[in-house]
Each structure stands twice: as C-alpha cells, then as structure tokens.
Amino acid sequence: MSSTMEVQLIAIVVAAACALPGVFLVLRRMAMMSDAISHTVLLGIVLGYFVTRDLASPLLFAGAVATGVLTVSLVEMLTRTNLIKEDAAIGLVFPVLFSIAVILISRYAGNVHLDTDAVLLGELAFAPFDRITWGWLDLPRALLIGSITLVLNLGLIVLLYKELKLATFDVGLAATLGFSPVLVHYGLMTVVSITAVGAFDAVGSILVVALMVAPPAAAYLLTDRLSRMLGLSVAIAVLSAVLGYWFARWFNVSIAGSMAMMTGVAFLVAFLFAPARGLVALGVRRSRQRWEFAQQMLTLHLLNHEGTAEADDECSRNHLSHHLRWQPRFAATVIRLAEQGGLIQCDGMRLMLTEQGRRLAQEASLR
Amino acid sequence: MELFADYTLRMVALGSAMLGIVSGVLGCFAVLRRQALLGDAMSHAALPGIVVAFMLTGQRDPLILMLGAAGSAWLAALLLMSVTRTTRVKEDSSLALILAVFFGTGLVLLSWLQQRPDAAQAGLRSFLFGQAAAMVARDVQVMVALGVPTLLVVALFWKQFKVLTFDPEYAASLGLPVRGLSVLLTSLIIVAIVLGLQTVGVVLMSAMLVAPAAAARQWTDRLGVMIVLAGCFGASAGVVGALISATARGLATGPTIVLCLGALTLVSFLFAPNRGLIWRATRKMQLQV
C-alpha cells in the first residue's frame, strides 16, 4: 500500500470512528465535552510516559482514557457543589489539566517525541512511518488503533442501539425501565475518551472535535431518524476527511486543519441547502406562506363584500391598499397570483371571486 | 524589586496586569450569563484572523493582528448566533463546531504561510500558547489603549449590563435594547480575548475569562465586589504567571498563567467564607453536634 493510500485510509477510519459517538454527544447536548476530553487526554499520556518511559506502551493509552473520564467526573463534581455552573466548570477544568500537561512536556520531556504542536495539529502525514509488524501483518499503528476504535464503537452502537436511543431521547423513561442514566453517561464518555485517544495521536485534538461534532450536526439538519443520522454522519465525516486530504495535498497545507475546514464546509452546505431545514428552504417556505396568506386574505375580503351594496366600491383594485393596508405593488402581485391560481377574475377595476376562490375563503373562515 | 528594574519584565508585568483586569471584569459577565464557553470558541476562532491580517499587511504590528483577530472572532460569534437561532442545532454543538472549524482554518492558513520565504512569520506560532517574554512597549501601549476604553464602557453601561445579566426579561420590559446590549457585551468580551492573544495564546485564553470570575464569585454575592475582585485576581495571576514564565526556561506563558489562576480558584473554592467547601463542612459539623 502506498503511503498516500495509507494516510487516506487512516483518515477515513478515524473520521468514521469519531462521528459515531459524536452523534450522541450532539443529541445529548454535550458537544463541548469532546473539546475538554480531547485536550485533557494529553495529561494522561504525559503521566503514563513518566511512569513507563516508553511512548508505545499500552499503559499510556489506559492513562489517557482515564484522564478523559476523570475530566468528566471533575466537571460533574464541581457542578454538583453548586459553586459554579456546568459551562464554567468545563471552562475551568480542561485548561488547567491541559496546562499541567503542556508544562510537564516542556519542562521534563522536551527531548521526547511529544510536542505540543503535534498535540493540536496531529501529524497525519508521518503516521505511515510508525508501523506495527505482527507476523505477516504490517500496518501503520494509527490505522490499527483507528480500526479497533471504529469496530468497538460500531459494535457498541449496534449492540446497545435501542438502549442508547431510549436514554438519549427519553431519559425519564429510560431510568424507569432500569437503565441507569449515570451508567449510560459514563459509558458514553468512556467511549468518547477511547475514541479521542485513539484518534488524537494521528489527527490532533482539534480535528477530533471537528470530526465528532460537525458531521453529526450537519446530519441533524438532514434527517429525523437516529439510524439515518448515524449513517449520514459517518458519510459526511469520511467525505470531509478525503476532501480535506486532497485539499491539503493540493495546496501543501496542514492535513488536520484542512480536514477540520472541510467538516465546516459540509456543515455550511447542510445549513444553507438542507431540504427541509436549510436556510434556503426556510426562506422559500416563508415567502410562499406569505403570498398564500395574502391571497387568502384577498378572497376573504371579497367574500365579505360579495353581493352587498358597497360591493362595487369595496371590491375594486384601488380599494385594497386602503382596506388591507397593502402597498399598491404588493396588491398588484397578490391579484396577479390569485388570478393565475384561478381564485379570482378581473373585470377592469372590479375583482370577483371564482367558485374555487369562494371555496377557499369559506374554508378559511371556518378555521 | 530588582525584578521590576528590568525593562522586559516591567513590560511583561504591565501588559499582563492590564490583560488580567480586563478579562477578569468581562469574564464575570460571561460566567454569570452562562457563556463561559463562548470565550473558548471565540479565542480559537481568532486564529485565522491573526494569520489573514498578517498575510494582508506583512506586518507584526500588534494593533493590526488584534484587528484581524477581533474580526474573525466577531464573524464566529455572528455565525454562532445565526446557527443557534435558525436551526435546531443546540448551542453546545455550534460552539464546538465553530471552535474546531475556525481553528482548523487558522492552521491551514498558518501552514500555508510557512511555505513563504519571508522569515518574519515565525513568531505567529507563539499565538497558540502565548509568549509574554516577547512583549515590547508597543504591545503594552496597544493593550492599554484598548483595555482602558473597554473598562470605561463597562462603567458607562454598568446598570444596563447588570440588569441584562441577572434578569434579561425584566431588562426587555424596561425597554432596554436587549439584543444591542448583548452584542455590545459580546464585543467587549472579544476585546478582552484579543488582548490576551499574545500573552496567553488562543488555546488557553478562555481560562483567563472564566477562572478569575469563578474564584471571585465565591467571596461575594454583589456584582460590584465580584468584578473588582475578579479584576484583582486576574491581574495578580497574570503578572505572577507571566513573570515566572519570562524568567524560567521552557515555560510557555499561557499554561503558567492558567496554573496560577487554577491555584487561586482552588483556594477560593475551599476557603471562601459562606460558600467555600471547608466553611460548608464545618457548618454541617456544627449542625450535627
């Protein structure tokens, strides 16, 4: 396998692995936890390194996951004391833990392959050089770790799909049925920590956040079904990863950065053009409703005065601006639309309801 | 006192003190309005602005870089508001999204810049974790020129901000322009963030807003006292942290200041009268006896 292929494969696997738990973070309103966790796992790695003096030791991985969970429980502990609110607790805990890690690295581990830039940016381009050989198997470490994380996440979601769905959308019911909310919460946070640790070595903490939050947020605008949201998130994440890789190759820029950028572009596209919830669809719907409502008003007005003594006067074109407070141009457009729709007939200045228009007005007045 | 005779150290101390006061004061509003994480998102979002400002002008003048940073942080805040207002994506997701995407874009621009032959951009990387030791008189001048008016605006709109913070509905019923005031307050927070970019760096700037306010909150229930305390906490932690980092080898300024702030906050959480944890525990014991 060429190293170009390998880097892309790593990116795809990591993107999919991050997007899966990200869906639940977004739905459970804990997206900022991904930011906190992806920063603090560094502390676990540093401490693990001080204990083992070996960057490849699995203990580092365990330590990092443990600090991720520790972050969550520290935030909860602080929130529960009522001294500060949850958002402030998050904003306090993770900078402190991250600072400790940064200082430990710069003071005591400066000569090791552990630098703070790499933590934020990742070194995806170099990932293929760090290989694991095991019998006939010869894979980049990041690919192996990423695949294990992906399989783990996928397996957990498939196995616990019903439970997770219930605990996400109806906490109360889940609790009465015996699924402990605490267990679900910590289980999810452990999975997020494992994913963050598995990913962050290769892609850096910022990209972990981008991949966990942006694709699910985009998918959230595209569908109302959890299963589809999971699938779409993975698809968007993978697409952004591949596009980001080629963008980075093309312009010779940071791979992790351009992948994060592409997840943003994907969200922006969904934000603007999502079929039902996008800004464009929203605008179109609003304007259509506005015109429909105006036409309804017109037919109601005509129905009110139909056959009365002042009908000639009330049902003339010029009267609308006076009676309905419409600008002449707006009134002209409404009349044109209503005529095209077969709701009214025009006879010079005089407006008359058609059978269809009368029906619409009667229906509207009954509502 | 020999410490302050040194020109660099004097600049560092002055600048960090200014930064600490401004971010302490504005952080109080952010924390009380439950927008503590807004600062995190916006400080990360400032990165692309810094790089673009440098790319356009080719200068490292602090004012220009700060303008760029403020511009992109502003854009981020605007996007954030429009995403949360028009879609069902919740605030936490939009915060994380904007943080990561803007920062990623900043990294792309930064790595693109590094291909260019002119060496002047080397210092831009220090904006990630801050480098107080690089501060010169010009930086301090700009910080004071931006910080003092910011504090004045807070003093001017004191009553309005107070109502807005504690009871936005009441503020609206009084006829106050709630949205306008919110935008003004957010803009002031952006100024505070921008001031800290060089000293603390974009990654940890949020702690500069949150920690002094969270610590000050424990000592008092009055906004006025809290703000003064937070200003003092911010300034002292800023000065101490910056001085330690400027004199010791291999200590980035941002993390050092954050650790000083963390210690201060921990002390407040434990020992503050009435609210502090130790105080609470003793009262509980007295009640049991």
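What counts, and where the lines are drawn
- Residues numbered from 1 in each chain as written.
- Chains lettered and ligands numbered in written order.
- Predicted model: local features only at pLDDT ≥ 70, side-chain atom pairs only at ≥ 80, totals over all residues.
- Heavy atoms only, no water.
- Axes fitted to C-alpha atoms, helices over the stretch in contact; angles between N-to-C directions.
- Helix = DSSP H or I, 4+ residues; strand = E, 2+ residues; numbered from the N terminus.
- Parallel < 35°, antiparallel > 145°, perpendicular 65-115°, else oblique.
- Left-handed = near helix turned anticlockwise from the far one by under 90°.
- Contact = heavy atoms within 4.5 Å.
- Nonpolar A, V, L, I, M, F, W, Y, C, P; charged D, E, K, R; others polar.
- Patch = residues over 30% accessible without salt bridge, like charges linked within 9 Å, V, L, I, M, F, W, Y side chains within 5 Å.
- Areas by Shrake-Rupley, 256 points an atom, 1.4 Å probe, with all protein chains shown as cover.
- Salt bridge = Lys/Arg side-chain N within 4 Å of Asp/Glu carboxyl O.
- Buried < 20%, exposed > 50% of the residue type's maximum accessible area, 1.4 Å probe, protein only.
- Buried area = accessible area lost by both parts, 1.4 Å probe.
- Pairing = 2+ DSSP bridges.
- pLDDT = per-residue confidence, 0-100.

**Q** Looking at this structure, I do not really get the packing of helix H3 (residues 58-80) of chain A against helix H9 (residues 181-203) of chain A. What am I missing?
**A** The packing of two helices is summarised by the inter-axis angle and the distance between the axes. Residues and elements named next belong to chain A. Between H3 and H9, whose axes approach to 9 Å, the crossing angle comes to 135 degrees. By the angle between their directions, the pair H3 and H9 is classed as oblique. Considering how the two elements wind past one another, H3 and H9 form a crossing that is right-handed. Each of Phe61, Ala64, Val65, Gly68, Val69, Val72, Ser73 and Glu76 in H3 lies in contact with H9, whose residues at this interface are His185, Tyr186, Met189, Thr190, Ser193, Ile194, Val197 and Gly198. Per-class residue counts for the contact of H3 with H9 are nine nonpolar, six polar and one charged.

**Q** Can you walk me through a nonpolar patch on the surface in this structure?
**A** Residues and elements named next belong to chain A. On the surface, Val265, Val269, Phe273, Val280 and Val284 cluster together into a nonpolar patch covering about 430 Å² of accessible area. When residues of the nonpolar patch are traced back to their parent elements, those giving at least two are helix H12 (255-273) and helix H13 (279-305). Ranked by residue count, the leading element in the nonpolar patch is H12, at three residues. On the basis of relative accessibility, which here comes to 40%, the residue valine 280 falls in the partly exposed class.

**Q** How do you make sense of the interface of chain A and chain B when you look at a structure like this?
**A** Reports of interface size often rely on the accessible area that becomes lost once the parts have come together. Each side of the interface is counted separately: chain A has 59 residues, and chain B has 56 residues. In total, about 4,900 Å² of surface goes out of reach between chain A and chain B, with carbon and sulfur atoms giving 73% of it. The three residues of chain A that bury the most area against chain B are Met32, Leu83 and Asp87 of chain A, which together make up 14% of that side's buried surface. One salt bridge in this structure joins arginine 88 of chain B and aspartate 224 of chain A, with 2.7 Å as the shortest N-O distance. When contributions to the side of chain A that touches chain B are tallied by element, the ones reaching two or more residues are helix H1 (3-27), helix H2 (31-52), helix H4 (86-108), helix H5 (116-121), helix H10 (205-222), helix H11 (226-251), H12 and H13 of chain A. The element best represented in the side of chain A that touches chain B is H4 of chain A, accounting for 15 residues. The residue inventory of the side of chain A that touches chain B, partitioned by class, reads 37 nonpolar, 14 polar and eight charged.

**Q** Would you mind going over the pairing of strand S2 (residues 137-140) of chain A with me for this structure?
**A** Regular strands place side chains that alternate from one sheet face to the opposite one. Sheet topology places strand S1 (residues 131-134) of chain A next to S2 of chain A; four bridges connect them, and they run antiparallel. Counterpart to tryptophan 134 of chain A in the pairing with S2 of chain A is leucine 137 of chain A.

**Q** Explain the pairing of strand S3 (residues 344-347) of chain A to me, please; I cannot follow it from the model alone.
**A** Residue and element names in this part refer to chain A. Note: S3 against strand S4 (residues 350-353), four bridges, orientation antiparallel. Of the residues in S4, the one forming a bridge with glutamine 345 is methionine 352. Hairpin connection, S3 to S4: the antiparallel pair is bridged by two residues, and glycine 348 has positive phi, about 65 degrees.

**Q** What is the right way to read the confidence of the model for chain A from this model?
**A** In low-pLDDT regions, the fine details of the predicted coordinates are not to be read closely. Averaged over every residue, the pLDDT of chain A is 87; the share at 70 or more is 96%. For chain A, per-element mean pLDDT is lowest for H5 of chain A, which scores 64, and highest for H11 of chain A, which scores 95.

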